[in-house]
Amino acid sequence: MDQVFYVLAIMGCADDSALCQQARVEPARYTSVAACQEAMPIALERNADLSFPVISATCRRDGPQWAKNERSRTQRGG
């Protein structure tokens, strides 16, 4: 099974922190959400040059992700 990593996505938002869009992704990969969140303050400072009223960040999974099969056994005939 492949290891899951987390990346810091830098988001640019409107004044009310709504309508956010991803502006950048930090190049570092983290092995836990906690490590990713710990890096947020410095990453936000590093990306303060973006031309959005509000800059925020979020940690998201990076790596292979598998779709869940939501069909029940009866739908599959089992």
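The structure contained in this document is the topic of the report that follows. In this text the structure is predicted, and so the values were computed from the model without any measurement.

A few points about the state of the cysteines
1) Next: For the coordinates displayed, the defined rule picks out two disulfides.
2) Next: Cys13 shares a disulfide with Cys20; S-S distance 2.0 Å. Handedness of the Cys13-Cys20 disulfide follows from its S-S torsion of about 105°: it is right-handed.
3) Next: Cys20 sits in the partly exposed class, given a relative accessible area of 37%.
4) Next: The residue that forms a disulfide with Cys36 is Cys59, at a sulfur-sulfur distance of 2.1 Å. Where Cys36 bonds to Cys59 through sulfur, the torsion about that S-S bond is close to -105°, and the disulfide is left-handed. Of the two residues, Cys36 sits in helix α1 (residues 33-38) while Cys59 sits in strand β3 (residues 54-62), which places them 23 residues apart along the sequence. Cys59 matches Cys36 in its accessibility class, with the two residues each being buried.
5) Next: When the bonded cysteines of the protein chain are numbered from the N-terminus onward, they pair as 1-2, 3-4.

Cut-off values and rules
- Residues numbered from 1 in each chain as written.
- Predicted model: local features only at pLDDT ≥ 70, side-chain atom pairs only at ≥ 80, totals over all residues.
- Heavy atoms only, no water.
- Disulfide = S-S within 2.5 Å.
- Buried < 20%, exposed > 50% of the residue type's maximum accessible area, 1.4 Å probe, protein only.
- Helix = DSSP H or I, 4+ residues; strand = E, 2+ residues; numbered from the N terminus.

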